[in-house]
Amino acid sequence: MERFRFLTSGESHGKCLTAIIEGIPAGFKIKTSVINEDLARRQVGYGRGARMQIEKDTVEIKSGIRFGKTTGAPICLEVKNKDYINWQDVMDTEKQEYPTEEAIRKIEEKSFTTVRPGHADWAGSIKYNFTDLRNVLERSSARKTAIEVAVGSVAKQILKEFGIVGFSHVIQIGNVKLDFYPKTYTLIKEKAEASDVRCADELTADRMRNAIDEAAEAGDTLGGKFEVIFGNLPIGLGSYVHWDKALDGRLAQAIMSIPAVKAVEIGAGVDAAYLRGSQMHDELFVKNKRVYRTTNNAGGLEGGMTNGEAIVVKGTMKAIPTMRKALATIDIKDLEPASAHFERSDTCAVPACAVVAEARVAIILADALLSKLGGDNFEEIKKTAERLNF
Ligand code: EPS
């Protein structure tokens, strides 16, 4: 990341999740209420577990913003974990010399040694030399995506100043696929936003909910596919000159590293294998000196650069590995066969994952845009954008 850098910290049941964003120029309007709307969007979703009833994620901006505008200083964001109140003894950051019997009981109750297949438990315990898998669970949990959505919301507010907007929607849950797409992006966005499975077709959404119910009843979990689309991008973000500057590669990394994501596609994606060159490539036409295309199989990216079409990225999320139906596994304390750990979980988190992916795409795009435009303050950057006809 050249311009929009950030780090997060925080455990799933710790006090809070925190992010520090660095590189944001001065003078950008950032609204807390807009960040909170995005946080709420991540929490919605048919099939989510009991934790979402406990949390009502809201952000506190701790620094870097004064009277609603960025100052050019690092921005610190915090989302408190409401559930922490129930975990204070277990997640204590100090060594308790004389913990109460009650505290010892709670710590023991929450420690576990039976690996969840598909989660970070096994490799994490070996890598960090843990005997209590709680240490792996706490940071590997997808809970941390809450603060990432807050960071993404800052990125989206910056992009919006340049007319760049995007959305996400769910195109598959389990074996239920969205076959009927509303005609325009505006319609897809509106319908997905109103749906608790983020699906733009009501009948498909019903079938998705049924699939989630069936999986829940069986103590099982479901994965699926989502799509993120951003439009109105200037041509030439990213580059072909080095592999780490290719915007398609950067977007793939950003989506692939979301917990439980197993595949990323851009434009035609895996279907590109079946398409001949004459079918795959988006021909260019011109009318009144305006260049246009009638297809977008490239998903808005050619040669690792934006080409002026909408960016279309798909992600595939596997079914959540924390599940009621216990899978065969091992116990790390004696390497004996065991049943996997389960406390509570989501049956399906694909709608939430779509919102997280939207945030990740926004962060990469904001970084690419700010890197291209340079400058230290909003007025300066806006002038450059106008000069370049963005
Ligand atoms: C999550 C919070 C977690 C899980 C989920 C994501 O809450 P808890 O562990 O307290 O139930 O609901 O994380 C996972 C399922 C996982 O496997 O990491 C959240 O806020 O998104």
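Just so we're clear, the structure is a prediction, and the values are computed from it rather than from any experiment. (Residues numbered from 1 in each chain as written. Predicted model: local features only at pLDDT ≥ 70, side-chain atom pairs only at ≥ 80, totals over all residues. Heavy atoms only, no water.)

Draft legend 1. A look at the environment of T322. Tracing the chain through its elements places T322 in the loop between β15 (311-317) and β16 (328-331). Separated by 205 residues in sequence, T322 and P117 place their C-alpha atoms 8.4 Å apart. Contacts of T322, omitting those with residues within four sequence positions, involve R116, H119, T221, F342, R344 and S345. (Helix = DSSP H or I, 4+ residues; strand = E, 2+ residues; numbered from the N terminus. Contact = heavy atoms within 4.5 Å.)

Draft legend 2. Seen up close, the site of the ligand. The ligand sits among 14 residues. The nearest are H13, R42, R48, R51 and R344. Measuring from an oxygen atom of the ligand, one finds a side-chain N or O atom of R143 at 3.1 Å. In this structure, T322 approaches the ligand through a side-chain N or O atom, which is 3.4 Å from an oxygen atom. When the free accessible area of the ligand is taken as 480 Å², the share hidden by the protein chains comes to 92%. Residues that form the shell around the ligand fall into these classes: 3 nonpolar, 5 polar and 6 charged. (Near = heavy atom within 4 Å. Polar contact = N/O pair within 3.5 Å; in protein donor to acceptor, adjacent residues only side chain to side chain. Areas by Shrake-Rupley, 256 points an atom, 1.4 Å probe, with all protein chains shown as cover. Nonpolar A, V, L, I, M, F, W, Y, C, P; charged D, E, K, R; others polar.)

Draft legend 3. Here's a closer look at the sheet that holds strand β6 (residues 75-80). Sheet architecture is open: 4 strands sit in the order β1-β2-β6-β3, paired in antiparallel fashion. Looking at which strands have only one partner, the edges of the open sheet turn out to be β1 (5-9) and β3 (59-63). Averaged over neighbouring strand pairs, the angle between their axes works out to 20 degrees when direction is ignored. For strand β2 (residues 16-22) and β6, the ladder comprises 6 bridges, and the chain directions are antiparallel. The partner of C16 across the bridge, within β6, is K80. Across the face of the sheet, helix α1 (residues 32-43) comes into contact with β3 and β6 while running at roughly 135 degrees to β3. On the sheet, helix α6 (residues 145-160) packs against β1, β2, β3 and β6 and is oriented at approximately 30 degrees with respect to β2. (Pairing = 2+ DSSP bridges. Axes fitted to C-alpha atoms, helices over the stretch in contact; angles between N-to-C directions.)

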